[in-house]
Amino acid sequence: MAQTRRASALKKPSKENQLRGLLLQDALTNWIPPTIGVGLLIAAGILDALGAISETTAALLAVLALLIVGAKKRKEKKNELRQK
């Protein structure tokens, strides 16, 4: 019985699990940061329009959001240049 457990522990991850891991990594690196950036930008605009935050705070949030989105675009451009 102990040998069966050891043998199963030494197995490589299945192709399905590897693919699932790659998809998760892709989602975390390519979709989450820009989504957070756009969400911050929208939230800053709405909260400023409602008067819930000051214009200075809204401007800082907007700059932060644009930096997040811009950093992602710069990384994509850098990867394109490496592939050429």
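### Describing the pattern of salt bridges
In this structure the tally under the stated criterion is one salt bridge. The partner of Glu16 in a salt bridge is Arg20, with the nearest N and O atoms 2.7 Å apart. With a gap of four residues between them, Glu16 and Arg20 both fall in helix H2 (residues 15-50), about one helical turn apart. Both residues of the pair, Glu16 and Arg20, count as exposed.

### Structural notes on helix H3 (residues 55-83)
Between the first and last C-alpha of H3 there are 42 Å, a value that for 29 residues agrees with the 42 Å anticipated at 1.5 Å per step. For H3, the full list of buried residues reads Ala58, Ala62, Ala65 and Lys72. Residues of H3 that are buried make contact with H2.

### Concerning the confidence of the model for the chain
Per-residue pLDDT for the chain has a mean of 83; in total, 86% of the residues score no lower than 70. Confidence scores differ between elements of the chain, with helix H1 (residues 2-9) showing the lowest mean pLDDT of 57 and H2 the highest of 89.

### Considering the environment of Gly37
Counting through the fold element by element, Gly37 comes out in helix H2. Sequence spacing of Gly37 and Ala62 is 25 residues, and the spatial spacing of their C-alpha atoms is 8.6 Å. Setting aside its immediate chain neighbours within four residues, Gly37 contacts Ala65, Ile68 and Val69.

Thresholds, definitions, all that
- Residues numbered from 1 in each chain as written.
- Predicted model: local features only at pLDDT ≥ 70, side-chain atom pairs only at ≥ 80, totals over all residues.
- Heavy atoms only, no water.
- Salt bridge = Lys/Arg side-chain N within 4 Å of Asp/Glu carboxyl O.
- Helix = DSSP H or I, 4+ residues; strand = E, 2+ residues; numbered from the N terminus.
- Buried < 20%, exposed > 50% of the residue type's maximum accessible area, 1.4 Å probe, protein only.
- Expected span 1.5 Å × (residues − 1).
- Contact = heavy atoms within 4.5 Å.
- pLDDT = per-residue confidence, 0-100.

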